[in-house]
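# Results of the structural survey
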Amino acid sequence: MSLLDITDKNQAVIDYLITCPSIFNSALYFNFINAEDDSTQLVTQSNDKFANKPYIDGSVLKVYSLTLITFKSAADIAVVKSTGYPNENVSDMSDIQALIDWIQEQEEIRNYPNFGDSCIIESIGVTSNNPVFNGIDDQVSPPLAVYSITIEVHYLDISKKIWR
Amino acid sequence: MPAGSFNLSAGQRAERKLLITVAEWSDGNTQVREILGTRTEDSSIDYNPDIETTTDILGINYTDLNKTQPQQDFDPYLILGGSKLGFKLNDIRSRNALSELSQFTVYIITAFIGSSADGYAAEKHTGCTIAYNSIGGDANVNFPISVYFSNNITNGTVDKLSDDFVFTAAT
């Protein structure tokens, strides 16, 4: 795979994700950490080439993945033990859950990023049903909670097929 | 006719995609072709040799190869959008029209012999049978098939590696 292909896939995923309202409405960084409330970072993953699945016609099933990290200001307020009483941390987590739901909706309607003519997207999804809570940075004010999800795009690379 | 050697560098391994199996059948007045092996990870032609070995009183073995019955399995063979053969076989399955399974011509193209200029070496088997073995699976519909080659062979070349190739018999 050439560097150009890698760049194209990253850009394709960015172009795709910014159509999600919760991504579009927050500051978005790529392979850069800017820890502030409501900011989102896309961090590329190294995709294990041994996970590639080659087929006898020369096509290869591959996985592209990247992790989306979101910072949310965290409140040190205990959950009020009263039904329906909101908690800031719970609602922040719901915002990230909305992104997971959005990706699942796109999968259902088969709306995928555009990886070009040599790739056929099989599916897009997240590796967990809930965002991962990575911890709290309490050295800043307000403290920041860090959540992450990993997005995987399964695609068929047909660039090496010789039968046309 | 292609040159008498592989089109590979010394020691270079032939990639699996260079051994191509193509099914051909008639759909009315038109011939339809499709490469086999889309989404199949591993498939080989098994020759199923019928071997008879005798040993004389001196302990020497004499082996006769009476016949081969070549067969190639494709599992998984997924029901895929745009698959002409999958649609054809499923239609035959739904009508249980078993005799229609034996009307295929199957080409084995060895693309590691020859070139786009001279043509690629190919074997044309007429009167082959393609049988479906099951249908179902887990996440996706799998419809594994087996190709039974007729051994009614015409050797020749194909001019290109696509469904619209022209087969030229060797003289």
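Details of the structure are given in the entry above.
Below or above, wherever it landed, is the structure these notes cover. Here, residues in each chain are numbered from 1, in the same order as that chain's written sequence. Going through the entries in the order they are written, you letter the chains from A and number the ligands from 1. Where local features are concerned, this predicted model is filtered to residues with pLDDT of at least 70; where side-chain atom pairs are given and counted, the filter is 80 or more; whole-chain, interface and lining totals use all residues.

## Brief notes about the overall build of chain A
What counts here: Working definition: helices are DSSP H or I runs of at least four residues, strands are E runs of at least two. Numbering for both runs from the N terminus. Whether a residue is buried, exposed or partly exposed is read from the other C-beta atoms within 10 Å of its own C-beta, which are placed from the backbone; 20 or more gives buried, 12 or fewer gives exposed, and intermediate counts give partly exposed. For every residue pair, C-beta atoms are placed from the backbone, and the pair is scored as a contact if these atoms sit within 7 Å.
The helix and strand tally for chain A stands at 3 helices and 7 strands. Written out in order from the N terminus, the α and β elements of chain A read α-α-β-β-β-β-α-β-β-β. Residues counted as buried form 23% of the 164 residues belonging to chain A. When contacts within chain A are restricted to residue pairs at least 6 apart in sequence, long-range pairs at least 24 apart make up 62% of them.

## Topic: the overall build of chain B
In terms of regular secondary structure, chain B is built from 1 helix and 11 strands. Beginning at the N terminus, the succession of helices and strands in chain B can be written as β-β-β-β-β-β-α-β-β-β-β-β. Considered along the principal axes of its C-alpha atoms, chain B spans approximately 60 × 45 × 35 Å. Here chain B, with 171 residues, has 24% of them falling under the buried criterion.

## Observations concerning the pairing of strand E6 (residues 71–74) of chain B
Residues and elements named next belong to chain B. Let me state the cut-off plainly: Two strands are said to pair when DSSP picks up at least two bridges between them.
Here E6 shows a clear split, with Gln-72 and Phe-74 buried on one side and none of Gln-71 and Asp-73 buried on the other. Relative to strand E9 (residues 145–148), E6 is paired through 4 bridges, and the arrangement is antiparallel. By the bridge assignment for E9, Phe-74 is matched with Ile-145.

## Describing unusual backbone geometry
The residue after Ser-141 of chain A, namely Pro-142 of chain A, is reached through a cis peptide bond having omega 0°. Along the chain, the position of Pro-142 of chain A falls in the loop between strand E6 (132–137) and strand E7 (144–157). In this structure, the amide linkage connecting Asp-75 of chain B to the following residue, Pro-76 of chain B, adopts the cis form with an omega of 10°. Looking at where Pro-76 of chain B falls in the secondary structure, it is placed in the loop between E6 and helix H1 (84–95). Here Arg-39 of chain B, not a glycine, exhibits a phi torsion of approximately 70°, which is positive. Mapping Arg-39 of chain B onto the fold places it in the loop between strand E2 (30–36) and strand E3 (45–46). Judged by the 19 C-beta atoms lying within 10 Å of it, Arg-39 of chain B falls in the partly exposed class. With phi around 45°, Asn-48 of chain B is a residue other than glycine that occupies positive phi space. Note on placement: Asn-48 of chain B falls in the loop between E3 and strand E4 (50–55).

## Digging into the nonpolar core
Nonpolar side chains in soluble globular proteins tend to be buried together. Put simply, the rule is: We call a set of buried Ala, Val, Leu, Ile, Met, Phe, Trp, Tyr and Cys residues a nonpolar core when their C-beta atoms link them within 7 Å.
Formed by 28 residues in total, the largest nonpolar core has its most connected members in Val-22, Ala-23, Val-106, Ile-109 and Val-147 of chain B. Those elements that provide at least two residues to this core are strand E1 (19–27), E2, H1, strand E7 (104–115), strand E8 (119–132) and E9 of chain B. Here this core takes 6 residues from E7 of chain B, the largest share from any one element. Contacts of Ala-23 of chain B, omitting those with residues within four sequence positions, involve Arg-33, Glu-34, Leu-36, Leu-85, Phe-104, Val-106 and Ile-130 of chain B. Listed in part, the 22 residues of the second largest apolar core include Leu-68, Ala-145, Ile-151 and Leu-156 of chain A.

## Concerning the environment of Thr-53 of chain B
Residue and element names in this part refer to chain B. The residue Thr-53 is located in strand E4 in this model. Considering only alpha carbons, one finds Thr-53 and Thr-63, 10 residues apart in sequence, at a separation of 4.2 Å. Once residues within four sequence positions are removed from consideration, Thr-53 is found in contact with Asn-61, Tyr-62 and Thr-63.

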